[in-house]
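Geometric and topological summary
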Amino acid sequence: MIAALTITKYRGFSIPFAFLGMAILRLPLWLNRNCRFWKLMGSGKNAQVDLAADYRHWAIITTWDNVEHCDQFYARSFPIKWFRFFGYEEFTILLKPLSSHGLWSGKEPFKSNVNHKIDQGRIAVITRAKIRFSKLKEFRQNIKRAADQMRRSEGFILSAGVGENPFLDQATFSIWENAESMKDYAYKSFDHADIIKLTRERNWYAEDLFARFEILKMEGVFNGKSVHEYLPFHHLNH
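We now examine the overall build of the chain. Broken down by element type, the chain carries eight helices and nine strands. A total of 238 residues make up the chain; the buried ones form 52% of that total. When contacts within the chain are restricted to residue pairs at least 6 apart in sequence, long-range pairs at least 24 apart make up 74% of them. Summed over all atoms, the accessible surface of the chain reaches about 12100 Å², with 52% contributed by carbon and sulfur.

The next point concerns the pattern of salt bridges. Evaluation of the coordinates by the stated rule reveals 10 salt bridges. Residues Arg-84 and Glu-90 are paired through a salt bridge, measuring 2.9 Å at the closest nitrogen-oxygen approach. Residue Glu-90 is classed as partly exposed on the basis of its relative accessible area of 24%. One salt bridge connects Asp-169 with Lys-130, and the closest N-O pair in it is separated by 3.4 Å. In this pair, Asp-169 is assigned in strand β7 (residues 169-176) and Lys-130 in strand β5 (residues 123-131), connecting sequence segments 39 residues apart. A cluster of three or more residues bridged by salt bridges with shared partners is formed by Lys-39, Arg-128, Lys-130, Glu-164, Asp-169 and Glu-207.

Time to look at a nonpolar patch on the surface. On the surface, Phe-17, Leu-20, Ile-24 and Phe-78 cluster together into a nonpolar patch covering about 340 Å² of accessible area. With three residues, the single largest contributor to the nonpolar patch is helix α1 (residues 15-24). If you trace the backbone, Ile-24 turns up in helix α1. Under the relative-accessibility criterion, Ile-24 is labelled partly exposed at 35%.

This next bit is on the packing of helix α3 (residues 67-76) against helix α4 (residues 78-86). One can describe the packing of α3 onto α4 by two numbers: an axis separation of 6 Å at closest approach and a directional angle of 45°. Between α3 and α4, the crossing angle belongs to the class labelled oblique. The crossing of α3 and α4 is right-handed. For the pair α3 and α4, the contacting residues are Phe-73, Tyr-74, Ala-75 and Arg-76 in the first and Phe-78, Pro-79, Ile-80, Lys-81 and Arg-84 in the second. In terms of residue class, the contact of α3 with α4 is built from six nonpolar, no polar and three charged.

What follows deals with the nonpolar core. Ile-93, Trp-104, Phe-110, Phe-173 and Ile-175 are the most contacted members of the largest nonpolar core, which has 30 residues in total. No other element matches the six residues that strand β8 (residues 205-222) contributes to this core. Sequence-distant contacts of Ile-93, defined by excluding residues within four places in its chain, comprise Ala-3, Ala-4, Leu-5, Phe-173, Ile-175, Ile-215, Lys-217 and Met-218. One finds Trp-64, Ile-80, Trp-82 and Phe-86 within the second-largest nonpolar core, a separate group that totals 22 residues.

Overall, the predicted model of the chain reaches an average pLDDT of 86, with 89% of residues at or above 70. The model gives residues 233-238 a pLDDT under 50, and that stretch makes 17 contacts with residues more than four places away or in other chains.

This paragraph deals with α4. For an α-helix, the turn length of 3.6 residues means that residues three or four places apart are oriented alike. Burial in α4 covers these residues: Pro-79, Ile-80, Trp-82, Phe-83 and Phe-86. Looking straight down α4, one finds its buried side chains confined to an arc of 155°; they lie on one side. In α4, the exposed positions that point more than 90 degrees away from the buried face belong to Lys-81 and Phe-85. The opening residue of α4 is Ser-77, an N-cap whose side-chain oxygen sits 3.4 Å from the backbone nitrogen of Ile-80.

Turning next to α1. Buried residues of α1: Ile-15, Ala-18, Gly-21 and Met-22, and no others. Taken around the axis of α1, the buried residues stretch over an arc of 100°, which confines them to a single face. Considering only its buried residues, α1 is in contact with β1 (2-10), α2 (26-31), β2 (35-44), β3 (53-64) and α4.

A few words now on the pairing of β7. β7 sits mainly inside the fold: eight of its eight residues count as buried. In β7, alternate side chains face the same way, and those of Asp-169, Ala-171, Phe-173 and Ile-175 on one face and Gln-170, Thr-172, Ser-174 and Trp-176 on the other are all buried. Bridge count for β5 against β7 is eight bridges, and the pairing is antiparallel. Looking at β7, one finds that Ala-129 is bridged to Gln-170. By the bridge criterion, seven bridges tie strand β6 (residues 156-165) to β7 in an arrangement that is antiparallel. Counted as the bridge partner of Ser-159 is Ser-174 from β7.

Cut-offs applied
- Residues numbered from 1 in each chain as written.
- Predicted model: local features only at pLDDT ≥ 70, side-chain atom pairs only at ≥ 80, totals over all residues.
- Heavy atoms only, no water.
- Helix = DSSP H or I, 4+ residues; strand = E, 2+ residues; numbered from the N terminus.
- Buried < 20%, exposed > 50% of the residue type's maximum accessible area, 1.4 Å probe, protein only.
- Contact = heavy atoms within 4.5 Å.
- Areas by Shrake-Rupley, 256 points an atom, 1.4 Å probe, with all protein chains shown as cover.
- Salt bridge = Lys/Arg side-chain N within 4 Å of Asp/Glu carboxyl O.
- Patch = residues over 30% accessible without salt bridge, like charges linked within 9 Å, V, L, I, M, F, W, Y side chains within 5 Å.
- Axes fitted to C-alpha atoms, helices over the stretch in contact; angles between N-to-C directions.
- Parallel < 35°, antiparallel > 145°, perpendicular 65-115°, else oblique.
- Left-handed = near helix turned anticlockwise from the far one by under 90°.
- Nonpolar A, V, L, I, M, F, W, Y, C, P; charged D, E, K, R; others polar.
- Core = buried A, V, L, I, M, F, W, Y, C linked by side-chain atoms within 4.5 Å.
- pLDDT = per-residue confidence, 0-100.
- Arc of directions from axis to C-beta.
- Polar contact = N/O pair within 3.5 Å; in protein donor to acceptor, adjacent residues only side chain to side chain.
- Pairing = 2+ DSSP bridges.

This is the structure in structure tokens:
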């Protein structure tokens, strides 16, 4: 299985077309027989985690049985042409699922035959949660400290906050120098470990997912910086 994530920054005058796209692009995605899972998503300010909604950054995530189907989608599909016509900055990353647990809209989108381990080299992580409405205020009061801690953590490279709903359905995408640095943040940093504990104790999530990925390819521009500025090269393990 191959997963692909694209985050596009729209021009200011084309923001209405970004909202329109979130409605009309569902049909061609739904009709695409090769696409196993897809989500059209908005983003936090400057595509970052824990911040207010940003109407210029929008994202699409898809999964495919093979690279050929993914390449065809990026070369010919109406949704990608729409993103590129109205956007002026595009970041795309191609991922191979290593392990995943949990659900996204009732589905397991990142299935892997076996759990793979990468002891060395960069990895990507997607965490996604559907927050219970009654717990939203409490969740938002706590999540900022975890996001701040992530950006300060050793081994952190970049992160993006996306989601189908800016309040209740939120996903965090992040890239780390290695699995060890990601685990240190997740389980050893006080703020994030405390939030994991609170999540379980107070039942914040109606649904959640955690997935790790091998990075196959990364290209484009994210928040005004080329991927070359984040990583010394953009073709990884390909």
